[in-house]
Amino acid sequence: MKEYKPRIVDRILKRKLKGIGAVLIQGPKWCGKTTTAEQIAGSVLYMADPKNEAQNMTLAELDPQRLLEGKTPRLIDEWQLAPKLWDAVRYEVDHRDGLGQFILTGSAVPPSSDHIRHIGTGCFIWLTMRPMSLYESQESTGDVSLAELFNSPEKITGTNTLDLDKLAFLTCRGGWPRAIEFTDETALDQAAGYYDAVVHSDVSRADGRLRNPERVKLFMKSYARNQGTQATSEVIRQDMEANDMKALDSSTVYSYIRALERIFVIEELKAWNPNLRSKTTIRTSNTRFFVDPSIAAAALGVVPGDLTADLKTFGLLFEAMCIRDLRVYAEALNGDVYHYRDRTGLECDAVIYLRNGSYGLIEIKLGGDKLIEEGAENLKKLREKLDTEKMKEPSFLMVLTGTGQYAYRRSDGVYVVPLGCLKD
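The shown structure was predicted, so the numbers you read here are calculated from the model rather than taken from an experiment.

**Overview of the packing of aromatic side chains**
Link 1 in the chain: For the structure on display, the rule yields 13 aromatic pairs.
Link 2 in the chain: Taking 6.4 Å as the distance between ring centres and 70 degrees as the angle between the ring planes, the aromatic pair formed by Trp272 and Tyr340 counts as edge-to-face. Of the two residues, Trp272 sits in the loop between α11 (250-262) and α12 (293-300) while Tyr340 sits in strand β8 (residues 335-341), which places them 68 residues apart along the sequence.
Link 3 in the chain: Look at Trp272 and you get buried, because its relative accessible area is 6%.

As structure tokens, this is what we get:
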């Protein structure tokens, strides 16, 4: 058996189970949800086990409580295959005397909620799991803690061991636990396999609508080209139509987005709406992102060598990897990740916002002194726009980079941190 690599979500799961009857872990297929839950589960029900699937589905209809018997916390894997289990779990939580009774895992939202009569308030807590961050896959040194940056340290130190070639490989490989054991093309095959599964079956299972795989490929390629932007559905539609003789409409594009969100392939970045000194209009459109940069690489058909030869595309996919890692780290801090853009064109690639109102502003740059300086100036411009009489001062300004050997604090207070140094 392969050694289990600890995940940041491990301690979050343990904490949540202490205060609630059931925890639902949701996230993309292959990201490690079941393996993580198995580390703490007292017993396990695998709903999709081929040997017992038919029996499990029958019991879920006739006697769902029978499936919930076992040592706690009882793990119910791929619960969404039998949505009636939701209310059965809720009922058991309500009538048992104890916390941490169940862990449910699912790589899709049920296509229909017809069999779910109660949303689960007071019984369930939701926990989102994503592919592994560089710190979890042990490619980041973890010398710089995101949590510590919220204390505005006067000095930080960190050493980055990732060069451009390694970063390109990690971008195309992604954070899939099955892939990190390999260091060659076998690792890239995992992301390609995930992409193929999405195109040929998973996207249709998301909502029960049969879709043409070639059309799905066109959509994912167009979405990948527009990743990291606020491209409208109409822009994506036109891009698809340029490569497809059949006319499309924006509602079709939207249905693809919704289906891929249901299976956690797409996770878009919402806009941050702070208090400003001036009446600047803030753009509220989501920024387009796949949950892992390797999906975009597979959709575009690019390999590490292609990225190092095309730094513009590399920069877009590197940004996606940074957003993935920041989301993993922010989750551990009870925080969320947003983006900012206003009508003047001023942007901030990522805003880490914590529940206590603290926040940090982050610009993402692949590398180079000129780009780092540009990112730092943008951050300072945004800081000047914020109305700090109505909200807190930002805890930190950070340029998150790909290259560069060291993490440091500049004389103007802006932190420069390579992704290969960062942890939660």
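**A few points about the pairing of strand β4 (residues 102-106)**
Link 1 in the chain: Of all 5 residues making up β4, 5 are buried, and the element is well covered by its neighbours.
Link 2 in the chain: The alternating pattern of β4 places Phe102, Leu104 and Gly106 and Ile103 and Thr105 on opposite faces, both of which are buried.
Link 3 in the chain: Where strand β1 (residues 22-26) and β4 come together, 5 bridges link them in parallel fashion. Paired with Val23 across the strands is Ile103, a residue of β4.
Link 4 in the chain: Judged from the 4 bridges that link them, strand β3 (residues 74-77) and β4 form a sheet pairing that is parallel. Of the residues in β4, the one forming a bridge with Asp77 is Thr105.
Link 5 in the chain: In the classification by handedness, the crossover that spans β3, the intervening helix α5 (residues 84-95) and the parallel β4 is right-handed.

**Regarding unusual backbone geometry**
Link 1 in the chain: With omega at -5 degrees, the peptide bond leading from Thr72 into Pro73 counts as cis.
Link 2 in the chain: Within the fold, Pro73 resides in the loop between α4 (64-67) and β3.
Link 3 in the chain: A positive phi angle, close to 70 degrees, is found at Gln138, a residue other than glycine.
Link 4 in the chain: Within the secondary structure layout, Gln138 lies in the loop between β5 (124-128) and β6 (144-145).
Link 5 in the chain: Exposure remark for Gln138: the relative accessible area of 56% places this residue in the exposed category.
Link 6 in the chain: Here Asn334, not a glycine, exhibits a phi torsion of approximately 60 degrees, which is positive.
Link 7 in the chain: Along the chain, the position of Asn334 falls in the loop between α14 (311-332) and β8.
Link 8 in the chain: For Asn334, a relative accessible area of 29% translates into the label partly exposed.

**Brief notes about the pattern of salt bridges**
Link 1 in the chain: Overall, the coordinates contain 30 salt bridges when judged by the stated rule.
Link 2 in the chain: The partner of Glu347 in a salt bridge is Arg341, and the shortest N-O contact between them spans 3.1 Å.
Link 3 in the chain: Look at Arg341 and you get partly exposed, because its relative accessible area is 27%.
Link 4 in the chain: The partner of Glu363 in a salt bridge is Lys365, and the shortest N-O contact between them spans 3.8 Å. Across this residue pair, the class does not change: Glu363 and Lys365 are buried.
Link 5 in the chain: Within the structure, one salt-bridge network assembled from shared partners comprises Glu373, Glu377, Lys380, Arg410 and Asp412.

Thresholds, definitions, all that
- Residues numbered from 1 in each chain as written.
- Predicted model: local features only at pLDDT ≥ 70, side-chain atom pairs only at ≥ 80, totals over all residues.
- Heavy atoms only, no water.
- Phe/Tyr/Trp six-rings, centres within 6.5 Å; stacked < 30°, edge-to-face > 60°.
- Helix = DSSP H or I, 4+ residues; strand = E, 2+ residues; numbered from the N terminus.
- Buried < 20%, exposed > 50% of the residue type's maximum accessible area, 1.4 Å probe, protein only.
- Pairing = 2+ DSSP bridges.
- Right-handed = clockwise from strand over helix to strand, strands pointing away.
- Salt bridge = Lys/Arg side-chain N within 4 Å of Asp/Glu carboxyl O.

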